[in-house]
Amino acid sequence: MKKYIYILTIFFSISLSAQELFWYDVLLEVEGEDVTEFEKTVDTYYSSVDFPEDVTMTFSSIGLKGQGFEETHILSFVSPSSQSLANLRASLSDEKWENYLDLVRPLVDNVRVSAGNASKVFNAEEFYPIGQVWGFKVKSKYIPQFTVAFEKLMQTFDAPGFVGLANVTHGISNGENLLIYGTYPNLNSAFTFGPNNEAEASAFAEFFNVTGEISEFTQSWTRVKIQDYN
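The rules behind each value
Residues numbered from 1 in each chain as written. Predicted model: local features only at pLDDT ≥ 70, side-chain atom pairs only at ≥ 80, totals over all residues. Heavy atoms only, no water. Pairing = 2+ DSSP bridges. Helix = DSSP H or I, 4+ residues; strand = E, 2+ residues; numbered from the N terminus. Buried < 20%, exposed > 50% of the residue type's maximum accessible area, 1.4 Å probe, protein only. Lys, Arg positive; Asp, Glu negative; His and termini not counted. Salt bridge = Lys/Arg side-chain N within 4 Å of Asp/Glu carboxyl O. Contact = heavy atoms within 4.5 Å. Axes fitted to C-alpha atoms, helices over the stretch in contact; angles between N-to-C directions. Parallel < 35°, antiparallel > 145°, perpendicular 65-115°, else oblique. Nonpolar A, V, L, I, M, F, W, Y, C, P; charged D, E, K, R; others polar. pLDDT = per-residue confidence, 0-100. Expected span 1.5 Å × (residues − 1). Arc of directions from axis to C-beta.

(A) Expanded view of the pairing of strand β2 (residues 56–65). Here β2 runs beside strand β3 (residues 73–79); their pairing, made up of six bridges, is antiparallel. Note on β3: the bridge partner recorded for T58 is S76.

(B) Fine view of the side chain of E29. Along the polypeptide, E29 turns up in strand β1 (residues 21–29). Of the side chains bearing the opposite charge, K65 lies closest to the buried E29, which forms no salt bridge; the N-O distance is 7.4 Å. For E29, the residues in contact, after removing those within four places along its chain, are E70, E71, T72, L107, V108, D109 and N110.

(C) Structural detail: the packing of helix α5 (residues 143–154) against helix α7 (residues 198–212). Axis separation between α5 and α7 bottoms out at 9 Å; the angle between their running directions is 175°. On the basis of the axis angle, α5 is roughly antiparallel to α7. Every residue of α7 that contacts α5 at Q145, F146, A149, F150, K152 and L153 is listed here: A203, F204, E206, F207, V210 and T211. A breakdown of the residues in the contact of α5 with α7 according to their chemical character gives eight nonpolar, two polar and two charged.

(D) Layout of the packing of helix α2 (residues 35–46) against helix α4 (residues 95–104). The geometry of α2 relative to α4 is characterised by a closest axis approach of 10 Å and an angle of 175° between their N-to-C directions. Between α2 and α4, the angle falls in the class roughly antiparallel. Residues F38, T41, V42, Y45 and Y46 of α2 pack against K96, W97, Y100, L103 and V104 of α4. Taken together, the residues that form the contact of α2 with α4 break down as eight nonpolar, one polar and one charged.

(E) Inspection of the side chain of N177 at higher detail. Its location among the elements puts N177 in the loop between β6 (163–170) and β7 (178–184). Residue classification places N177 among the buried positions, given a relative accessible area of 12%.

(F) Representation of the sheet that holds β6 in the model. An order of β1-β3-β2-β8-β5-β7-β6-β4 is seen for the eight strands of this closed barrel, with the pairing classed as antiparallel. Taking each pair of neighbouring strands and ignoring which way they run, the sheet shows an average axis angle of 35°. Where β2 and strand β8 (residues 215–229) come together, eight bridges link them in antiparallel fashion. Of the residues in β8, the one forming a bridge with T58 is D228. Taken strand by strand, α2 contacts β1, β2, β3 and β8, and its axis lies near 20° from that of β3.

(G) Summary view of the confidence of the model for the protein. In this model, the protein carries a mean pLDDT of 90, and residues with pLDDT of at least 70 account for 91%. Of all secondary-structure elements in the protein, the lowest mean pLDDT belongs to helix α1 (residues 4–16), at 39, while α2 reaches the highest, 98. Confidence over residues 1–19 falls short of pLDDT 50; this stretch has 41 contacts with residues more than four positions distant or in other chains.

(H) View of the environment of A90. For A90, the position within the fold is in helix α3 (residues 82–91). Here the alpha-carbon distance between A90 and F217, two residues 127 residues apart in the chain, equals 34 Å.

(I) Seen up close, α5. Along its twelve residues, α5 runs 17 Å from first to last C-alpha, staying within 8% of the 16 Å computed at 1.5 Å per residue. Those residues of α5 lying buried are I143, F146, T147, A149, F150, L153 and M154. Seen along its axis, α5 keeps its buried residues to an arc of 160°; they face one direction. In α5, the exposed residues that point more than 90 degrees away from the buried face are P144 and V148.

Shown next as structure tokens:
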């Protein structure tokens, strides 16, 4: 029996050794009166999917977000193999998939998809159910400099959970091409996120000083896990 956290630990350990972690996100907007039926429909379908050994999917609600961010739910697919991820996506084309779409389409107001890869991750084993995304616009020539600043920050900062830096390669919105993703074990941990001592405060200040010159912060949003599938 596959264990989600065990698989993720393998994924992120692989990425730490300079191999890539690939992700594919489907963000959906659902009106309040349709949420219960939508979540049940998604769960029923993906509970029946035969996932490859090296692919997992997390279904989450998006509980905290800024103005203009309309999506309410996200399906996050992840794998250390781009081919496995592509194979899974290609397999979603049979009659059962079409029947699922017939059920879910009337419940969804809007859908957008993004995909990318990550190679810089920390606290791989602490992939908690609450996750936060910070988005940035960075010119390509400055991405290595941003990455070095991120790695330097993480040498000092004791994050409460998993933290990763990801490139957005498909589905870029308004130039947003780098994401920092972190997880929290509970809401209190999310609410109190930030530097906990002088050393961490200095590390954050240096990170913002370096990246502020080469990037533009775009948005932040937070998801809460509903279910894992693998």
